[in-house]
Amino acid sequence: MPQPRPVTRTQSFAWVLILLILTSVIQLPLTRITNQITGATLGWAGLYLVGFAVTVGLASWQYHRIHRGYQRLTRHDWGLMVAGYLFVLVLEQLLTWINRVWFHQVSTANNQAIAQLLSRGWLVTVLLSVTAIGVSPFLEEYLFRGLLIDGCLRDLSFWPPILISGIFFALVHANSTLASWLIYAIMGGTFAYIYRRTGKLQSTIILHAFNNLLAMGIMWTGLH
């Protein structure tokens, strides 16, 4: 049986660009959804969920063309994940304080945009919560850790892909101050470091999902 052709860096860059575009487009149906249960509302909700499913499926397919096989997380992996996330939390609190004192911004522009969507009503809240916690971590880790590091930057040494992954992760999140940009850059870079050390994408998917759960919980509390 002929072996599948290896994925080139050019192909990986192309898929990163395609997935970045799709990630922006699949968010658009949320702006058309209201709390009135009508055929149009259900149609937009279905389109939103299907868009996410298709995009995650494409990202997973491309990632597993590059990174084959599966390994379970070890005790050492879990220890690295906990230490890395505590590092992110400490720096995030410091940068949030700097953001509030120096830039007079209570939360990042990205979180403000999410909070505005959540205020649109219960249906948007349910849809956004499901995708933010259960779907987006897969999509963003496939994209910013898996495809970017293993596909586009695989010939570089240990640290450059980590720095580039953090920068790209920060650039796609809405930011209006240096402090808020650093929050996402440090988070993305730390996740990239953990992925490089473990070689297991489920390590950062779990951390990303947990982080989004905490963030959504804080926003839910603030709204209600």
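Residues numbered from 1 in each chain as written. Predicted model: local features only at pLDDT ≥ 70, side-chain atom pairs only at ≥ 80, totals over all residues. Heavy atoms only, no water.

J.: How do you make sense of the side chain of Ser180 when you look at a structure like this?
T.: For Ser180, the position within the fold is in helix 8 (residues 178–198). The exposure class assigned to Ser180 is buried, which follows from its relative accessible area of 0%. For Ser180, the residues in contact, after removing those within four places along its chain, are Asn99, Gln105, Thr108 and Asn175. (Helix = DSSP H or I, 4+ residues; strand = E, 2+ residues; numbered from the N terminus. Buried < 20%, exposed > 50% of the residue type's maximum accessible area, 1.4 Å probe, protein only. Contact = heavy atoms within 4.5 Å.)

J.: How should I be thinking about the pattern of salt bridges in this particular structure?
T.: It is possible for side chains bearing opposite charge to pair when their charged atoms get close. Inspection of every chain in the model, using the stated rule, returns 3 salt bridges. Across the pair Asp77 and Lys200 runs a salt bridge whose closest N-O atoms are separated by 2.5 Å. You can see Asp77 sitting in helix 3 (residues 75–102) and its partner Lys200 sitting in the loop between helix 8 and helix 9 (201–223), a full 123 residues away along the chain. (Salt bridge = Lys/Arg side-chain N within 4 Å of Asp/Glu carboxyl O.)

J.: Hey, could you run me through the packing of aromatic side chains in this one?
T.: Any aromatic ring pair is given by two values, namely how distant the centres are and how the planes are angled relative to each other. Scanning the model with the defined rule gives 9 aromatic pairs in all. The interplanar angle of 85° and the centroid separation of 5.7 Å between the aromatic rings of Trp15 and Trp61 together place this pair among those described as edge-to-face. Of this pair, Trp15 sits in helix 1 (residues 9–25) while Trp61 is found in helix 2 (residues 39–66), placing the two residues 46 residues apart along the sequence. By relative accessible area, which is 46% here, Trp61 ends up partly exposed. Ring plane angle 75° and centroid distance 5.2 Å describe the contact between Tyr48 and Phe52, whose orientation is recorded as edge-to-face. One end of the pair, Tyr48, and the other, Phe52, are both in helix 2, 4 residues apart, so they sit about a helical turn from each other. Comparing Tyr48 with Phe52, the two get one shared label, buried. Three or more aromatic residues joined by ring pairs form one cluster here, namely Phe144, Phe169 and Tyr184. Against the face of Trp61 rests Arg65, its NZ or CZ located 5.4 Å from the ring centre. Taking NZ or CZ as reference, Arg145 lies 4.8 Å from the ring centre of Phe169, over its face. (Phe/Tyr/Trp six-rings, centres within 6.5 Å; stacked < 30°, edge-to-face > 60°. Lys NZ or Arg CZ within 6 Å of the ring centre and 35° of its normal.)

J.: What am I meant to see in the environment of Gly121 here?
T.: Mapped onto the secondary structure, Gly121 falls in the loop between helix 4 (109–118) and helix 5 (122–134). Residue classification places Gly121 among the buried residues on the basis of a relative accessible area of 13%. Taking the C-alpha atoms as reference, Gly121 lies 9.0 Å from Ile33; in sequence the two are 88 residues apart.

J.: Would you explain a nonpolar patch on the surface in this entry?
T.: Together, Leu94, Trp97, Val101, Trp102, Phe103 and Leu178 make up a nonpolar patch on the protein surface, roughly 640 Å² of accessible area in all. Within the fold, Trp102 resides in helix 3. Assessed through its relative accessible area of 59%, Trp102 is described here as exposed. (Patch = residues over 30% accessible without salt bridge, like charges linked within 9 Å, V, L, I, M, F, W, Y side chains within 5 Å. Areas by Shrake-Rupley, 256 points an atom, 1.4 Å probe, with all protein chains shown as cover.)

J.: Help me understand helix 3, please; the structure alone is not making it clear to me.
T.: Residues separated by three or four positions in an α-helix point in the same direction, a consequence of the helix having 3.6 residues per turn. With 28 residues, helix 3 ought to run about 40 Å at 1.5 Å a step, and its terminal C-alpha atoms sit 40 Å apart, in line with that. By the burial criterion, the buried members of helix 3 are Asp77, Leu80, Met81, Gly84, Tyr85, Val88, Leu95, Ile98 and Asn99. Directly after helix 3, the chain includes His104, whose backbone phi takes a positive value near 55°. (Expected span 1.5 Å × (residues − 1).)

J.: In this structure, what is going on with the side chain of Thr204? I would like to understand it.
T.: Checked against the element boundaries, Thr204 lands in helix 9. In this structure Thr204 touches Glu141, Phe191, Ile194 and Tyr195, once residues within four positions along its chain are discounted.

J.: Would you mind going over the environment of Gln71 with me for this structure?
T.: Within the fold, Gln71 resides in the loop between helix 2 and helix 3. In this structure, the C-alpha to C-alpha distance between Gln71 and Gln202, residues 131 residues apart in sequence, is 9.3 Å. Leaving out residues up to four positions away in the same chain, Gln71 has contacts with Lys200 and Gln202.

J.: Would you take a moment to explain the nonpolar core for this structure?
T.: Most often, soluble globular proteins keep nonpolar side chains buried together rather than apart. Core analysis: the biggest nonpolar cluster contains 48 residues, and Leu30, Ile33 and Leu127 have the highest contact counts within it. Among the elements that make up this core, the one with the highest residue count is helix 6 (residues 136–152) (8 residues). The residues contacting Ile33, other than those within four sequence positions of it, are Thr41, Trp44, Ala45, Arg120, Leu123, Val124 and Leu127. (Core = buried A, V, L, I, M, F, W, Y, C linked by side-chain atoms within 4.5 Å.)

Purely spatial values, then, with no claim about function.
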